[in-house]
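Structural overview for review
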Amino acid sequence: MNQGEADAARRLLASMGHEVVSGPVDDGPEPTDAVLIFTCDVISSTERRMWKRMREVESEGKRLFVAGCLAVVDGERVLSEFPDACILDTMGIPAVESAVQGHFSACTEDRPGLISAPMKRLDHVVNISTGCLGSCTYCITRHARGALISNRPERVMSMVQSGVDMGRKEVLLTCQDTAAYGADLGLEGVDLGSLLRDITSNTLGTHMVRVGMMNPSSLLKHESSILDGFKGGDIFKFFHIPVQSGSDHILKAMGRGHDAGTYMGLIDRVRGAYPWAVLSTDIIVGFPGESEEDHRRNIELVRELRPEILNLTRFSTRPGTPAASMEGQVHGNVSKERSRELTRAHREVLASVLNKRLGLHRGCLVSEAGKREGTMMARDRNYLPIVIPSDDVALGETVDIITDRAGPTYLIGKVA
Ligand code: SF4
């Protein structure tokens, strides 16, 4: 979502005549004049990297523009350390546009040969909303982004179509909780399911859509419409549904609004509708009060759930959140060891999960260059990553692939 807002700012700045050089590079024809940072402070290690980068920019004598969640949550501290910095409120695409237009005037200077970095990927981030309906006790994002503000369906449709018109093949619908989409619009029948049906029936041009993170409690409220929306041939059967813990009393302390049994039932129904769906889930390790028994429950859940993707985050206190002052804070070494055990447990199940998927995969999108020379990464209709030799395929092509072996987190194959 933050990257989607940065993308929107990049396109706007370029259309105003500014030369946008992505990333902290300074080997362009001219040194950069200003740096606009879209900050994130979801966990403490990330926040530390943001401050380090801001200090670097300031020491290089460049103009510092600070956007993203840290600018909203801790803007005063930013200005006290960097008095010449500019704070931008970029919470949502409309805010990005007014902030960029407000802080950057159109460049009148004639700039021959605007340089744009060659496209390595074909993805196009579409922010469908900002804010959420949740009250998770560990979360600082809701303090930054506040209540749910959904972009109207026609606005989302035009953002999707403009990406496809630019030749992007992989549309990433994103926000804090895609399953809450539309709950604030007061429009009868408008939710994530109806939005997906609209995209499937109205978007012109080859494309595939990946739906971002869905909170179980929101998905449960619109389950049949959302699962129906995934039927579209252009929608990856990829479900990112964070569970965060396998322990009911930890889920309660987190304020997640559901227990582990409800979550497992929901996943059974998702897999009932889409037997080959790829499941991605998240667990927060070391939440305050997490006992050895709770940790056991997390391991049992991973073994039972057998997710294709498991994102582990070690709990870190975020300023101003209820969890920051909760009793029973878990020592860093304990959560580090528990995180290792969960990774091992997941790797054990993942090998057999991936081996069950070997065979023919129809209609795979070649979406990016592979990490190893001479390879490409493709995504099958369930968004499963497949590594293939690059010699007879091009970026953006749709191909059939036969896979015959599994890597640690992906499959390996050849074009059929
Ligand atoms: S749903 Fe929970 S974790 Fe997600 S942004 Fe909202 S409060 Fe944070």
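If you're wondering where the values come from, they're calculated on a predicted model, not measured in any experiment.

Cut-offs and rules
Residues numbered from 1 in each chain as written. Predicted model: local features only at pLDDT ≥ 70, side-chain atom pairs only at ≥ 80, totals over all residues. Heavy atoms only, no water. Helix = DSSP H or I, 4+ residues; strand = E, 2+ residues; numbered from the N terminus. Rg over C-alpha atoms; globule rule 2.2 N^0.38 Å. Buried < 20%, exposed > 50% of the residue type's maximum accessible area, 1.4 Å probe, protein only. Areas by Shrake-Rupley, 256 points an atom, 1.4 Å probe, with all protein chains shown as cover. Lys, Arg positive; Asp, Glu negative; His and termini not counted. Charge placed at Lys NZ, Arg CZ, Asp CG, Glu CD. Polar contact = N/O pair within 3.5 Å; in protein donor to acceptor, adjacent residues only side chain to side chain. Contact = heavy atoms within 4.5 Å. Near = heavy atom within 4 Å. Nonpolar A, V, L, I, M, F, W, Y, C, P; charged D, E, K, R; others polar. Axes fitted to C-alpha atoms, helices over the stretch in contact; angles between N-to-C directions. Parallel < 35°, antiparallel > 145°, perpendicular 65-115°, else oblique. Left-handed = near helix turned anticlockwise from the far one by under 90°. Salt bridge = Lys/Arg side-chain N within 4 Å of Asp/Glu carboxyl O. pLDDT = per-residue confidence, 0-100. Expected span 1.5 Å × (residues − 1). 1 Å grid on protein atoms, 1.4 Å probe; cavity = no way out; pocket = protein on both sides within 12 Å on 5 of 7 lines; lining within 4 Å. Points joined across faces, edges and corners; volume = space filled by probe spheres on them. Phe/Tyr/Trp six-rings, centres within 6.5 Å; stacked < 30°, edge-to-face > 60°. Lys NZ or Arg CZ within 6 Å of the ring centre and 35° of its normal.

1. Some words on the overall build of the protein chain
- A count of helical and extended segments in the protein chain gives 14 helices and 16 strands.
- For 416 residues, the compact-globule estimate of 2.2 N^0.38 gives 22 Å, and the protein chain sits close to it at 22 Å.
- Counting only residues that meet the buried cut, the protein chain has 51% of its 416 residues in that class.
- By element, 52% of the accessible surface of the protein chain is carried by carbon and sulfur atoms, the whole surface being about 19,200 Å².
- With 48 positive and 55 negative side-chain charges, the protein chain shows a separation of 5 Å between the mean positions of the two kinds.

2. Focus: the environment of Ser-59
- By the secondary structure assignment, Ser-59 is in helix H2 (residues 44-59).
- A distance of 2.6 Å separates a polar side-chain atom of Ser-59 from the backbone oxygen of Glu-56.

3. Considering the environment of Pro-322
- Along the polypeptide, Pro-322 turns up in the loop between strand S11 (309-314) and helix H14 (332-355).
- Along the primary structure Pro-322 and Gly-193 are separated by 129 residues, whereas in three dimensions their C-alpha atoms are 33 Å apart.
- If we ignore the near neighbours within four places in the chain, the residues touching Pro-322 are Thr-137 and Arg-142.

4. Details of the site of the ligand
- Surveying the vicinity of the ligand reveals the residues Cys-132, Gly-134, Cys-136, Tyr-138, Cys-139, Arg-142, Gln-176 and Asn-215.
- Per-class residue counts for the shell around the ligand are four nonpolar, three polar and one charged.

5. Here we look at the packing of helix H12 (residues 260-273) against helix H13 (residues 292-305)
- Between H12 and H13, whose axes approach to 12 Å, the crossing angle comes to 15°. Taken together, H12 and H13 sit at an angle that is classed as roughly parallel. H12 and H13 meet at a crossing whose hand is right-handed. Contacts between H12 and H13 pair Tyr-263, Met-264, Ile-267 and Arg-271 from the former with Leu-301, Glu-304 and Leu-305 from the latter.
- Residue composition of the contact of H12 with H13, grouped by class: five nonpolar, no polar and two charged.

6. Some words on the pattern of salt bridges
- Inspection of every chain in the model, using the stated rule, returns 25 salt bridges.
- Between Arg-296 and Glu-292 there is a salt bridge, with the nearest N and O atoms lying 3.5 Å from each other. Taken as a pair, Arg-296 and Glu-292 lie in helix H13 at a separation of four residues, close to a single helical turn.
- In this structure Glu-292 comes out as partly exposed when scored by relative accessible area, which is 42%.
- Across the pair Asp-404 and Arg-405 runs a salt bridge, and its minimum N-O distance is 3.3 Å.
- Three or more residues joined by partner-sharing salt bridges are found here, namely Glu-290, Glu-292, Arg-296, Arg-338 and Glu-341.

7. Let's talk about the confidence of the model for the protein chain
- Across the protein chain, the average pLDDT comes to 92, with 94% of residues at or above 70.
- Under a pLDDT of 50 for its full length, residues 111-119 has, in the predicted model, 10 contacts with residues more than four places off or in other chains.

8. Focus: helix H8 (residues 192-202)
- Taken together, the buried positions of H8 are Leu-192, Gly-193, Ser-194, Leu-195, Leu-196 and Ile-199.
- Buried-residue contacts for H8 involve helix H7 (153-165), strand S7 (170-174), strand S8 (208-211) and helix H10 (223-229).
- Two or three places before Gly-193, at the opening of H8, Asp-191 has a side-chain oxygen 2.8 Å from that residue's backbone nitrogen.

9. A closer look at helix H1 (residues 2-15)
- Along its 14 residues, H1 runs 20 Å from first to last C-alpha, staying within 8% of the 20 Å computed at 1.5 Å per residue.
- Turning to H1, its buried residues number three or more, namely Asn-2, Gly-4, Glu-5, Asp-7, Ala-8, Ala-9, Leu-12 and Leu-13.
- The positive-phi residue at the C-terminal boundary of H1 is Gly-17, with phi of around 95°.

10. Structural notes on empty space enclosed by the protein
- As enumerated under the stated definition, the model contains one cavity of 30 Å³ or more in all.
- The computed volume of the largest cavity comes to approximately 40 Å³.
- Forming the walls of the largest cavity are Phe-239, Ile-267, Val-270, Arg-271, Ala-277, Val-278 and Leu-279.
- Put simply, the parts of the chain that give the lining of the largest cavity at least two residues each are H12 and strand S10 (278-285).
- Among the residues forming the lining of the largest cavity, the class breakdown is six nonpolar, no polar and one charged.

11. Things to note about the packing of aromatic side chains
- Here the structure, examined in full by the defined rule, presents nine aromatic pairs.
- On the basis of an interplanar angle of 25° and a centroid distance of 4.2 Å, the ring pair of Phe-230 and Phe-239 is categorised as stacked.
- Each ring, one from Phe-236 and one from Tyr-383, has its centre 4.8 Å from the other, and the planes form 70°; the classification is edge-to-face. Pair noted here: Phe-236 is in the loop between H10 and strand S9 (238-240) and Tyr-383 is in the loop between strand S13 (375-379) and strand S14 (385-389), with a separation of 147 residues, a long-range link.
- The exposure class of Phe-236 is buried, given its relative accessible area of 1%.
- Judged by relative accessible area, which is 4%, Tyr-383 ranks as buried.
- Three or more aromatic residues link up through ring pairs in this structure, and these residues are Tyr-138, Phe-287 and Phe-315.
- A cation over a ring is seen here: Arg-379 above Tyr-383, with NZ or CZ 4.1 Å from the ring centre.

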